[in-house]
Amino acid sequence: MILTTGGAGFIGSHFVLDWLARSDEPVLNLDKLTYAGNLENLAGLRGDSRHVFVQGDIGNAAQVARLLAEHRPRAVVNFAAESHVDRSIYGPEDFIQTNIVGTFRLLEAVLGYWSGLPAAEQAAFRFLHVSTDEVYGSLGSTEPAFQETRRYEPNSPYSASKAASDHLVRAWHHTYGLPVLTTNCSNNYGPYQFPEKLIPLCIHNALAGKRLPVYGDGQQRRDWLYVGDHCAAIRRVLEAGRLGEVYNVGGWSEKANLEVVTTLCDMLDAMRPRADGCSRREQIAFVADRPGHDRRYAIDAGKLERELGWKPLESFESGLRKTVRWYLDNEAWVKHVSTGAYRDWAGKQYGE
Ligand code: NAD
Ligand code: DAU
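What you see is a predicted model; the values in this text were computed from it and never measured.

**As for the pattern of salt bridges**
So, point 1. Counting across every chain of the model gives 26 salt bridges.
So, point 2. One salt bridge connects R242 with E307, and the closest N-O pair in it is separated by 2.7 Å. Separated by 65 residues along the polypeptide, R242 in the loop between helix 8 (227-240) and strand 10 (246-249) and E307 in helix 10 (residues 302-308) bring together distant segments of the chain.
So, point 3. Accessibility expressed as a relative area gives 42% for R242, which makes it partly exposed.
So, point 4. Judged by relative accessible area, which is 35%, E307 ranks as partly exposed.
So, point 5. A salt bridge links R272 to E331, with the shortest nitrogen-to-oxygen separation between them at 2.5 Å. One end of the pair, R272, is in the loop between helix 9 (257-271) and strand 12 (284-287); the other, E331, is in helix 12 (residues 331-337), and 59 residues separate them in sequence.

**Considerations on the site of ligand 1**
So, point 1. Taken together, 28 residues lie around ligand 1, and I11, D31, S83, Y158 and K162 are the ones closest in.
So, point 2. At 2.8 Å, a backbone N or O of I11 approaches an oxygen atom of ligand 1.
So, point 3. Taking V130, its main chain carries an N or O atom lying 3.5 Å from an oxygen atom of ligand 1.
So, point 4. Protein contact buries 97% of the 830 Å² of open area that ligand 1 shows by itself.

**A look at unusual backbone geometry**
So, point 1. Of note, L33 is a non-glycine position whose phi angle comes to about 60 degrees, a positive value.
So, point 2. Among the residues examined, L33 registers a relative accessible area of 27% and is labelled partly exposed.
So, point 3. The backbone of R72 sits at a positive phi, close to 50 degrees, despite the residue not being glycine.
So, point 4. Considering the arrangement of structural elements, one finds R72 in the loop between helix 2 (61-71) and strand 4 (75-78).

**Thoughts on helix 11 (residues 316-329)**
So, point 1. Taking 1.5 Å of rise per residue, the 14 residues of helix 11 would be expected to cover 20 Å, and the 20 Å separating its terminal C-alpha atoms lies within 8% of that figure.
So, point 2. Among the residues of helix 11, F316, G319, L320, T323, V324, W326, Y327 and L328 are the ones counted as buried.
So, point 3. Along its buried surface, helix 11 packs onto strand 7 (187-189), helix 7 (198-208), strand 9 (221-226), strand 11 (254-256), helix 9 and helix 12.

**Some thoughts on the nonpolar core**
So, point 1. F15, V77, L128, I199, L304, L320 and V324 are the most contacted members of the largest nonpolar core, which has 66 residues in total.
So, point 2. Once residues within four sequence positions are removed from consideration, L320 is found in contact with Y189, I199, T263, L264 and M267.
So, point 3. One finds V54, V64, W114 and W172 within the second-largest nonpolar core, a separate group that totals 24 residues.

**A closer look at the site of ligand 2**
So, point 1. Residues in close proximity to ligand 2 total 23 residues, the closest being T132, D133, Y158, R290 and Y350.
So, point 2. Contacts to ligand 2 include Y158, whose side-chain N or O atom sits 2.6 Å from an oxygen atom.
So, point 3. A distance of 2.8 Å separates an oxygen atom of ligand 2 from a polar backbone atom of Y215.
So, point 4. Starting from 690 Å² of accessible surface for ligand 2 in isolation, the protein chains cover 95%.
So, point 5. With three residues, the top contributor of residues to the shell around ligand 2 is strand 8 (residues 212-215).

**Describing the side chain of T183**
So, point 1. By the secondary structure assignment, T183 is in strand 6 (residues 180-185).
So, point 2. We classify T183 as buried; its relative accessible area is 0%.
So, point 3. Not counting residues up to four positions away in its chain, the partners in contact with T183 are L128, H129, V130, S131, T132, I234, V237, Y247 and V249.

**A short note on the sheet that holds strand 6**
So, point 1. Strand order across the open sheet formed by seven strands is 3-2-1-4-5-6-10, with parallel pairing between neighbours. Unpaired on one side and paired on the other, strand 3 (51-55) and strand 10 mark the two borders of the sheet. Neighbour to neighbour, the strand axes of the sheet diverge by 20 degrees on average, direction disregarded.
So, point 2. Helix 4 (residues 93-115) contacts strand 1 (2-5), strand 4 and strand 5 (126-132) of the sheet and is inclined by roughly 170 degrees relative to strand 5.

**Concerning the UniProt feature "domain: NAD(P)-binding" (unreviewed entry) in the protein**
So, point 1. As annotated in UniProt, the feature "domain: NAD(P)-binding" (unreviewed entry) corresponds to residues 3-323 in the numbering used here.
So, point 2. Between the C-alpha atoms that bound residues 3-323 there is a distance of 27 Å. The span itself is 42% helix and 17% strand.

**A short note on empty space enclosed by the protein**
So, point 1. A complete count under the given rule lists three cavities of 30 Å³ or more for this structure.
So, point 2. The volume enclosed by the second largest cavity comes to roughly 60 Å³.
So, point 3. Of the residues contributing to the lining of the second largest cavity, the split by class is three nonpolar, three polar and four charged.

Definitions and limits used
- Residues numbered from 1 in each chain as written.
- Chains lettered and ligands numbered in written order.
- Predicted model: local features only at pLDDT ≥ 70, side-chain atom pairs only at ≥ 80, totals over all residues.
- Heavy atoms only, no water.
- Salt bridge = Lys/Arg side-chain N within 4 Å of Asp/Glu carboxyl O.
- Helix = DSSP H or I, 4+ residues; strand = E, 2+ residues; numbered from the N terminus.
- Buried < 20%, exposed > 50% of the residue type's maximum accessible area, 1.4 Å probe, protein only.
- Near = heavy atom within 4 Å.
- Polar contact = N/O pair within 3.5 Å; in protein donor to acceptor, adjacent residues only side chain to side chain.
- Areas by Shrake-Rupley, 256 points an atom, 1.4 Å probe, with all protein chains shown as cover.
- Expected span 1.5 Å × (residues − 1).
- Contact = heavy atoms within 4.5 Å.
- Core = buried A, V, L, I, M, F, W, Y, C linked by side-chain atoms within 4.5 Å.
- Pairing = 2+ DSSP bridges.
- Axes fitted to C-alpha atoms, helices over the stretch in contact; angles between N-to-C directions.
- UniProt positions renumbered as here; feature names shortened; annotations may be inferred.
- 1 Å grid on protein atoms, 1.4 Å probe; cavity = no way out; pocket = protein on both sides within 12 Å on 5 of 7 lines; lining within 4 Å.
- Points joined across faces, edges and corners; volume = space filled by probe spheres on them.
- Nonpolar A, V, L, I, M, F, W, Y, C, P; charged D, E, K, R; others polar.

And the structure:
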């Protein structure tokens, strides 16, 4: 069995679904079910005894220790985090608690469990920490893409908290010998992403006839990766990554935000034209910039390709098309996540 944390969130739920589509090895899924956790993402596993869901907090070391002792997983994949940069600007506390203190408590519980395993199980055990390219800070316009050796320069409460968690994971390996792996990935997109992040927010707003808020001049650049490709990279690193190593994961697909939004508008116009026949580009609105907004991220995923043979399968075009199709076919999912928590957020951030 493996233990995933945060497996009811966007990437974690894809990981669990993909894992169980490929293997019969059970998954123990520990998730706090914050506003971002959604068991509807895992509805396809209802009644499937290979998926054991437990609501709980990675910061609850006693609960984690009990689960480890009871289920004896051979690996832990840590997705659990507060993940939205804008929310971290309004309220950093939850980010510090889950991303830093929570990761610390999880590491402590896992170390206790791992230390008591027989030698062969200890040698085979892995703790994989899922992290972000944002820990590296902002790139200049002509600088090469982030490699794993890049210094850490986090600029937001979110990225600072993820950077801290990466450092803890590294230290638990070097000091206590815990067999860890870390992945630092670029911007994911795909089905089941909460409509606070740029792509699902714009799909949601575009269909609802609302404005598409582009921060500042829209020329900030991000690297985009289809979520299924990220999950494949994590599986590969878990299977064959070198202990204590960091692997950057990215889509070789760097785009300015405005280009992302206009591409999305054109795709939606083609797949579901507006009733009045006008382009959704008309809905784009430039709004106040994000404080401390990083200008550019780009990932060099060459190490992962050279060492472990991983490459993304989706292009931005093909991944985005799949994503738009999914949101068009799953309006009920969007309606269900548009709970009070989401409406409160949109009201605070965008004055809606
Ligand atoms: P998400 O916000 O969609 O999901 C996070 C999940 O973690 C939710 O299910 C939530 O309920 C759970 N959670 C939060 N606090 C918890 C706690 N204390 N204990 C247990 N569960 C808790 O996030 P996501 O986009 O799926 O990101 C998953 C991971 O991948 C995060 O660590 C994030 O930093 C990292 N990451 C995300 C992206 C991206 O583009 N979304 C890119 C690179 C890395
Ligand atoms: O780079 C990896 C990171 O990508 C992950 O670690 C984070 O968990 C994930 O949330 C994401 O962070 P970003 O801040 O890049 O994602 P977001 O979708 O919030 O924003 C993408 C870009 O679009 C960013 O430059 C800000 C901009 N943006 C975002 C929103 C929500 C807008 O212009 N308008 C918006 O309304």
